[in-house]
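Each chain, letter by letter, is given below.
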Amino acid sequence: MLKNITKQSQKYQQRLTSAIQIRKTRFNAQSVQHHYTDATLISHFLTALSITFPQGERFFVETVRNVRDQIEDPQLQADISGFIGQEAHHAQAHEQFNAAVQSAQYNLKKYDAAFEKEMLRLRTLTQRRQLAATVALEHFTALMAGYMLKYPEFMFKGLSANMKQLWLWHAVEEIEHKHVAFDVYQTIFNNLAQRRRSMRTISIGFISGTTMMTADLLWQDRKQSLYQPVELLKNIKALFGLTLMMVRLFSEYIAFYDEDFHPKQLDQQELLDMGRQLLNPN
């Protein structure tokens, strides 16, 4: 799959450069524990997100690549190449992370069959609906990425340098390419009703699915996360923090439904510059 993605990216390589930089993460999947933040709830929340990334981000690439031949703008073609390269690396890194934290006591593989079934269902939809789903999910990932960079004391507290490389790297690149799928969708389909419908559907599935998986991982880890008073108190505070995150992000989320919405209307350049500096301090 990754070889095919790389070939497609090279096939459409443009003379124009893109601000979307394809990087290899310095994250080391051989050095991972399933508790990697100060509050274990945040570890389980981030891991729940990670479970979805390998199959999900390969699907994102497919939905853009399926209609790429219809794009004539060379700058957008250059951005698509960057998008494909970044998402391919994200899928690979999170696949390695998921495998590293998987164990008999902390089971991530139980979700594989359900995700494969959902991916098969999505691939039966029209290209317009598939791409609209990607656009909606890319909005969610951009919001989450911006929040991670804006409130690192909450999202990144307790992260080792190794784990920070994974999540910081991913957050920076999600912001860099947040406009690409949207621009492809608008160029080819420009269907506002479909964009809104897809966001409503995706919102229900994304929020409920992430909540369910986080709760399940927390329960699998209940001896550490729930039965120890100190950890339980940290997790209660973290739950409040996640609720506050949803409140803070609501206005940015709801802006997606505006007729004239564009991802770049949400100015995250300062956060992006800061994230790049943290990612490459030298």
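Structure: see above.
Because the structure is a prediction, the values reported are computed rather than measured. (Residues numbered from 1 in each chain as written. Predicted model: local features only at pLDDT ≥ 70, side-chain atom pairs only at ≥ 80, totals over all residues. Heavy atoms only, no water.)

**Q** Let's hear about the overall build of the chain: which residues, and what values?
**A** The secondary structure content of the chain amounts to twelve helices and zero strands. Seen in sequence order, the chain has helices and strands lined up from the N terminus as α-α-α-α-α-α-α-α-α-α-α-α. Whereas a compact globule of 282 residues would reach a radius of gyration of roughly 19 Å, the chain reaches 18 Å, a difference of no more than 12%. Overall, the chain is about 60 × 45 × 35 Å in size when its C-alpha atoms are taken along their principal axes. Scored against the burial criterion, the 282 residues of the chain give a buried share of 51%. Total accessible area on the chain is roughly 14000 Å²; 55% of this is exposed by carbon and sulfur atoms. (Helix = DSSP H or I, 4+ residues; strand = E, 2+ residues; numbered from the N terminus. Rg over C-alpha atoms; globule rule 2.2 N^0.38 Å. Buried < 20%, exposed > 50% of the residue type's maximum accessible area, 1.4 Å probe, protein only. Areas by Shrake-Rupley, 256 points an atom, 1.4 Å probe, with all protein chains shown as cover.)

**Q** Break down the environment of Leu131 for me, with residues and values.
**A** One can find Leu131 in helix H5 (residues 127–150). Sequence spacing of Leu131 and Thr63 is 68 residues, and the spatial spacing of their C-alpha atoms is 5.2 Å.

**Q** Describe the pattern of salt bridges, with residues and values.
**A** Counting across every chain of the model gives ten salt bridges. One salt bridge in this structure joins Lys157 and Asp38, with 3.7 Å as the shortest N-O distance. Of this pair, Lys157 sits in the loop between helix H6 (152–155) and helix H7 (161–176) while Asp38 sits in the loop between helix H1 (2–11) and helix H2 (40–65); the two residues are 119 residues apart in sequence, bridging distant segments of the chain. A relative accessible area of 48% means that Lys157 is categorised as partly exposed. Put simply, Glu62 and Arg123 hold a salt bridge, and the shortest N to O gap is 2.8 Å. Here the residue Glu62 occupies a position in helix H2, and Arg123 occupies one in the loop between helix H4 (112–122) and H5, the gap between them amounting to 61 residues. Judged by its relative accessible area of 13%, Glu62 is buried. Residue Arg123 is classed as partly exposed on the basis of its relative accessible area, which comes to 33%. Residues joined by salt bridges that share partners form a network here, namely Arg23, Glu173, Glu176, Asp273 and Arg276. (Salt bridge = Lys/Arg side-chain N within 4 Å of Asp/Glu carboxyl O.)

**Q** Give me the lowdown on the nonpolar core, citing residues and values where you can.
**A** Formed by 80 residues in total, the largest nonpolar core has its most connected members in Leu46, Met163 and Trp167. Tallying contributions element by element places H5 first for this core, with 13 residues. Sequence-distant contacts of Trp167, defined by excluding residues within four places in its chain, comprise Tyr36, Leu46, Leu49, Ser50, Phe53, His94, Met148, Phe156 and Leu159. (Core = buried A, V, L, I, M, F, W, Y, C linked by side-chain atoms within 4.5 Å. Contact = heavy atoms within 4.5 Å.)

**Q** Hey, could you go over the packing of aromatic side chains for me, with residue numbers and the actual values?
**A** Under the definition given, this model contains twelve aromatic pairs. Seen from their ring centres, Tyr147 and Tyr151 are 4.5 Å apart, and the 40° between their planes marks the pair as tilted. A relative accessible area of 3% places Tyr147 in the buried class. With a relative accessible area of 18%, Tyr151 lands in the buried category. Centre to centre, the rings of Tyr253 and Tyr257 are 5.7 Å apart; their planes meet at 80°, and the pair counts as edge-to-face. Given the relative accessible area of 15%, Tyr257 is considered buried. One aromatic cluster in this structure is built from Phe140, Phe182, Phe206, Phe250, Tyr253, Phe256, Tyr257 and Phe261. (Phe/Tyr/Trp six-rings, centres within 6.5 Å; stacked < 30°, edge-to-face > 60°.)

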